[in-house]
Every structure is written in C-alpha cells, then in structure tokens.
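# Architecture at a glance
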Amino acid sequence: MQTLLFNTTKKEVKLFSDNPHTSTMVFMFTDIPTVRMCDGYYEVMKRDELNDRNIPVLRVPIHATNMLIEK
C-alpha cells in the first residue's frame, strides 16, 4: 500500500511506494494548498499563481493509499 504524506506547513506532498521510512519516494510536489477527497481518490491540488487558481497534479486511489497529514 502506497503512502501519501501531506505537510500542511511546508505545503508539500510526497508519495512513497510503501512505508515512508523504509520505501522509495515516487513523487514530490511543492506549493500544494490542499489534498481533496473525490470519488474514490485523493486529488493533489497545486497552486497556479499565474491564473490564480488550484489545478490537479496527481490522483491516487483511496483504497490503495494511506494518507498521513503532518504540520
């Protein structure tokens, strides 16, 4: 099971192939104001300063992903 680590202070998301302490980091995103729960997946939203809006950059299935939220 993959792990999505969302740091609300740094506004950063890291996706790990398994446990964040023992596995490989697959993706890392910065400038992430929020991670939304949608129809069966977590949606990572990145801030688009040019157009003043949030755009999705990653979707991962909830059933295969643990999400950890830290400050």
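These notes cover the structure that comes with them. (Residues numbered from 1 in each chain as written. Predicted model: local features only at pLDDT ≥ 70, side-chain atom pairs only at ≥ 80, totals over all residues. Heavy atoms only, no water.)

### Here's the deal with the overall build of the protein
- On a plain count of helices and strands, the protein comes out with zero helices and seven strands.
- The helix and strand sequence of the protein, counted from the amino end, reads β-β-β-β-β-β-β.
- For the protein, the C-alpha radius of gyration of 12 Å lies close to 11 Å, the compact-globule estimate for 71 residues.
- With respect to the principal axes defined by its C-alpha atoms, the protein has extents near 35 × 25 × 20 Å. (Helix = DSSP H or I, 4+ residues; strand = E, 2+ residues; numbered from the N terminus. Rg over C-alpha atoms; globule rule 2.2 N^0.38 Å.)

### Digging into the sheet that holds strand E4 (residues 34-37)
- Pairing in this open sheet of three strands is antiparallel, and the strands run E4-E5-E6 from one edge to the other. Two strands lie at the open edges of the sheet, namely E4 and strand E6 (53-61), each paired on one side alone. Neighbour-to-neighbour, the strand axes of the sheet open up by a mean angle of 30°, direction not taken into account.
- With four bridges connecting them, E4 and strand E5 (residues 41-48) associate as antiparallel partners. Within E5, the residue paired with Arg-36 across the bridge is Glu-43. (Pairing = 2+ DSSP bridges. Axes fitted to C-alpha atoms, helices over the stretch in contact; angles between N-to-C directions.)

### Re the sheet that holds strand E7 (residues 65-70)
- The four strands are arranged E3-E2-E1-E7 in an open sheet whose pairing can be described as mixed. Each edge of the open sheet is held by one strand with a lone partner, namely strand E3 (25-30) and E7. In this sheet, neighbouring strand axes are inclined to one another by 15° on average, regardless of whether the strands run parallel or antiparallel.
- Where strand E1 (residues 2-7) lies against E7, six bridges are found, and the strand directions are parallel.

### A look at the packing of aromatic side chains
- Within the structure shown, the criterion is met by one aromatic pair.
- Taken together, a centroid distance of 6.0 Å and an interplanar angle of 25° make the contact between Phe-27 and Phe-29 stacked.
- The class for Phe-27 is partly exposed, based on a relative accessible area of 40%.
- Exposure remark for Phe-29: the relative accessible area of 17% places this residue in the buried category. (Phe/Tyr/Trp six-rings, centres within 6.5 Å; stacked < 30°, edge-to-face > 60°. Buried < 20%, exposed > 50% of the residue type's maximum accessible area, 1.4 Å probe, protein only.)

### A look at the nonpolar core
- Core analysis: the biggest nonpolar cluster contains eleven residues, these being Leu-4, Phe-6, Val-13, Leu-15, Phe-29, Ile-32, Val-35, Tyr-42, Val-44, Leu-58 and Val-60.
- Every element with two or more residues in this core is listed here: E1, strand E2 (12-16), E5 and E6.
- What Leu-4 contacts, discounting residues up to four positions off in sequence, is Val-13, Lys-14, Leu-15, Val-35, Tyr-42, Val-44, Val-60, Thr-65, Asn-66, Met-67 and Leu-68. (Core = buried A, V, L, I, M, F, W, Y, C linked by side-chain atoms within 4.5 Å. Contact = heavy atoms within 4.5 Å.)

Just geometry here; none of it tells us what the structure is for.
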